[in-house]
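Residue strings, one per chain:
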Amino acid sequence: MEPITFTTEHEDTIHDAQMDYYGKKLATCSSDKIIKIFKITDNEQIHVADLKGHEGPVWAVSWCHPRFGVMLASCSHDRRVIIWKEIDSENNIWQKEYEYLEHKSSVNSISWSPQEYGLNLACGSSDSMVSILTFSGEQWTHKKFKAHQIGCNSVSWAPFNPTGSLITSGEDNTTPTLRLVTGGCDHLVKIWVYLQKEKEWKFECNLEGHENWVRSVSWAPNIGLPFQTIASCSQDKKVIIWSSRSDGKWEKNILPTFDDIVWSVSWSFTGNVLAVSSGENSVTLWREKNDGNWYCFSDLSNQN
Amino acid sequence: MQIENNQEKKQKQFATEIIPKIHSQNLNFCWGIGNELFLFGGSTSAFYCPKKQRKEINSQENNIYILSWDTTNNESISKFLSQTHSIFVKLQMKQNQLSNTDTLEASQGYRIALQNLKQNLIKQLDESNEDFQLNLDLANSVNPKAFKDEIESEAKLVDIMERVFHLCENFFLLHSKYPSFSFVRWFQLNFTDQLEIESIDTESIKWNKICRSIIHGKFENAINLLAKFPPNQTIQNTQKILQEFPELKYQTHLTIYRKQFQNWRKKCDKIYNSNEEIKQNPNLSAIYKILLGDENEINQRTDSWIERFASKLLFIYPNLEIQSFGSKAKECFTEKEKKERINDLDQIYLDILSLNTSRALLRIYSQIGNTWLSAHLSDLLFHIDSIQKDVLPTLGTDIREFFVLEFCQTLLSNPSRMPILVDYLISCQKMGKMLLSEIVQRQNIDDEFIYKKLLNICQNNQLDLEYKTICQIYGMKSFSSHKFPSGINALLEAEKIEIVNSGINRFFKKIVSEEIPLYQIQLVIESLESDKQNQTSKKVLFLKHYKELCEYFQENQMDKAGRLILEIMKKEIAPKMFWLTLIWDAIVIMEEEEKKIEQEQFQKNSIFNHDSIMFFLTKVKEITSSHQANEYTQYISKDQLQVIRFNLIRALPIRIGLK
């Protein structure tokens, strides 16, 4: 089971890579300010486009759902969020669809909402604010709110839940509710809910348990289980799995302590495997046992 | 049989992957589809260090490593999956009408598939070894030893899987009324070796083999081995008593069997107690002690609890009730064995014997780690009501569905597995649909065949939203590749009229800027006419007229063409982007008119009168002074626009008085 290796020819460190919805294209971004697009097949990886427009290291990229067209968002140290659109798939031509420059500091994390809610992009920034960019059919609008003191490091959307929210918010429980989880430098994981009537984002609750900056949050995809799950990780070397059942309360389950800072957590698209990157050179995969405990079933350590 | 803890094995396997160390960076990742990760040495924003300040820069910093696991790309495994998929589907189809024969057939089918898989794996290994010997480059690029280890490990695992399946088949399906018989048969087929009678030389080995054959219930072997000794009455009596051992056959009434066994036992006891030769011969004595169910003798002569248990079922409690199997099996562990950790596979066997199938399956899942086995075995047991059916709180669903969904993860990584995957997901009523929805939407719609296949899946599974999403995506893709009819059809199906309109505008731009064959226009018209709500009726009307216009020009029917131009412009059917082109065409017709017809006839037969010219001039002004002038005038050159203006102004006085 040897890994396949390919060179991206970025001229500096890669900060993020994301597969598109179909697993056919890979976008990578780097400190060289460029975003590269690759077409991935079973046997090869073909570099098809370079997206240039940022003026600083690009921290993250995110693909939107294909029903909105082939679009990719990127965020950078230069305070920009750029939305790119592929205008010619045969010749791999991309253009800037929209550029957002309302943050006062580095934008660290971006995430597209579930497609059922339309085209919304959440952006978390070191200026402590979270922006939600929404395309209404004709133009892009935005809403901003203060999320975390010192800075917001990560954003993640709740999956679309057509039966209504498990966590009551005083709203009609039959309408789907937009929810977002953020992680920040105030050691907190926060949940936000969008109030349809007021057309505003409201703070819902804190998830307390970390003792240092929260580096990454990830809301698990919904495959019909009667509970919601969020994973968060922090510089306190912990990964916490938060679960909420029908009563709306969040319970925490702390994974066995890691040896070093935990940087990133992410769920597989079926929501049953959690990948965690920690320390300098470790990625581990975790699964829940039937007794509710989590176990590591692989360790992808980086060794000579 | 000892098996290596699969978790530890996997960890070792992963840990020894050769990924070059990327200095001073974090190993980061993103998910691919299914069991696939893209790894890269990416530092997060917090760990950012400008390039100039870094002491060392590693050229491997900009590499991506694609790692996948539990994928099903091996040809033998692919064949195996197809075979077992058919069996699985058949079981689901018959669900409420399953007979014992059906489930037994299914179980035997699975076992045959497993046996075939093992043979194919071994064959694959043999063929690969030949390839490696012939092709040094291949041997260098693929690690032959690692490949061999992997295949052998797979083959070993397949053996275990078949064994577990066989036990369940025997215990729950085949001989459920005769559990002792089931277990002994299973034991004999899976744990006892074929004796090579001819090669046995020494006497002690012979006696040892005889005892082992008797312990294993293989009396025929024992009888044949006894025949190697010089014949005497005692040997013959022993052979006879072995021949007379009451064999429990399927359909033997248990009460009758009990009596037969008791009678045989008495006979055995009589021979043992009345024959001094037997008592004085330690080997013969051992044989009779075993036959008479002497526990100490049996314990001494057996190496494992399974062997012990099988022997005791033969000679001590042949009528053991199924409910007592678990406890009696545990009693067969020696003190030493009890102190040592019971290995995972033995735990699984014990769980099955204790009728705790759910626990056995959970162990199979977590210890063996093979999702195929847990999925298919749980499904089979589910159909014969030998497994829990209620929802387990920690899993969120019943155990069968949980394992089938876990198996589906393995299929995800390989796109060609989609048809198989769908069938497994459909069989999971509770959560399968959600996952099916996700998976269906993640299929790249490369062509119409895949598009139709996906729509079919959505229709058959009431995935209405997903149906429309797929139509929308296909429609948009079609428009991007200028396949307008299929794009329109798909988007009308998706009820996305705004995108249809946008697509039609693109088509209009294509018409106005290039020559489009008339049949293409016709195809687009037909697609638009399928819009039952008539939301695009104006566009359809224009296209019809435009096609008609093109036909008039082709047939040189200029008067009809001219009248049609006037009509579609005056009735505002034509989109603005066409105005200048249409006016240009009108001017061409006017010039032809003027050349061919003499004054009188010109006055009578002219298509365009003074009012028409004024109308055209108004339209030209409207277009050129509009804020979207650039958009509307891009399809003709500046010179052509000048010519239009000039000719209209020139034509005006000529046509004064014409009506």
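Preceding this section is the structure that the text describes.
Structure report, in brief.

Calculation notes
Residues numbered from 1 in each chain as written. Chains lettered and ligands numbered in written order. Predicted model: local features only at pLDDT ≥ 70, side-chain atom pairs only at ≥ 80, totals over all residues. Heavy atoms only, no water. Helix = DSSP H or I, 4+ residues; strand = E, 2+ residues; numbered from the N terminus. Rg over C-alpha atoms; globule rule 2.2 N^0.38 Å. Buried < 20%, exposed > 50% of the residue type's maximum accessible area, 1.4 Å probe, protein only. Contact = heavy atoms within 4.5 Å. Areas by Shrake-Rupley, 256 points an atom, 1.4 Å probe, with all protein chains shown as cover. Lys, Arg positive; Asp, Glu negative; His and termini not counted. Charge placed at Lys NZ, Arg CZ, Asp CG, Glu CD. Pairing = 2+ DSSP bridges. Axes fitted to C-alpha atoms, helices over the stretch in contact; angles between N-to-C directions. Salt bridge = Lys/Arg side-chain N within 4 Å of Asp/Glu carboxyl O.

### Some words on the overall build of chain A
- Of the regular secondary structure elements, chain A holds zero helices and 25 strands.
- Over its C-alpha trace chain A gives a radius of gyration of 19 Å, about what one expects of a compact globule, namely 19 Å for 304 residues.
- With the C-alpha coordinates aligned to their principal axes, the bounding extent of chain A is approximately 50 × 50 × 35 Å.
- The buried share of chain A, taken over its 304 residues, is 63%.
- Sequence-distant contacts, at least 24 apart, represent 44% of the contacts inside chain A between residues at least 6 apart.
- When the accessible surface of chain A is summed, it comes to about 11900 Å², and 43% of that surface belongs to carbon and sulfur atoms.
- Taking the average place of the 28 positive charges on the side chains of chain A and the average place of its 38 negative ones, the gap between the two points comes to 5 Å.

### Quick notes on the sheet that holds strand E21 (residues 250-254) of chain A
Residue and element names in this part refer to chain A.
- Ordered by their spatial adjacency, four strands build an open sheet running E18-E19-E20-E21, and the pairing between neighbours is antiparallel. Either end of the sheet is taken by a strand with one partner, and the two such strands are strand E18 (214-219) and E21. On average, each strand axis in the sheet is inclined to that of its neighbour by 20 degrees, with strand direction left out of account.
- Relative to strand E19 (residues 228-234), E18 runs antiparallel, the two sharing five bridges. Among the inter-strand pairings, valine 217 is bridged to a residue of E19, identified as serine 232.

### A closer look at the pattern of salt bridges
- In total, this model carries 33 salt bridges over all chains according to the counting rule given.
- One salt bridge in this structure joins glutamate 86 of chain A and lysine 25 of chain A, with 3.5 Å as the shortest N-O distance. Of this pair, glutamate 86 of chain A sits in strand E8 (residues 81-88) while lysine 25 of chain A sits in strand E3 (residues 25-30), and the two are 61 residues apart along the sequence. When sorted by exposure, glutamate 86 of chain A lands in the same class as lysine 25 of chain A, which is buried.
- Across the pair arginine 359 of chain B and aspartate 351 of chain B runs a salt bridge, and its minimum N-O distance is 2.8 Å.
- The exposure class assigned to aspartate 351 of chain B is buried, which follows from its relative accessible area of 2%.
- Bridged by salt links that share partners, the residues Glu55, Asp78, Arg80, Lys96 and Glu99 of chain A form one connected network.

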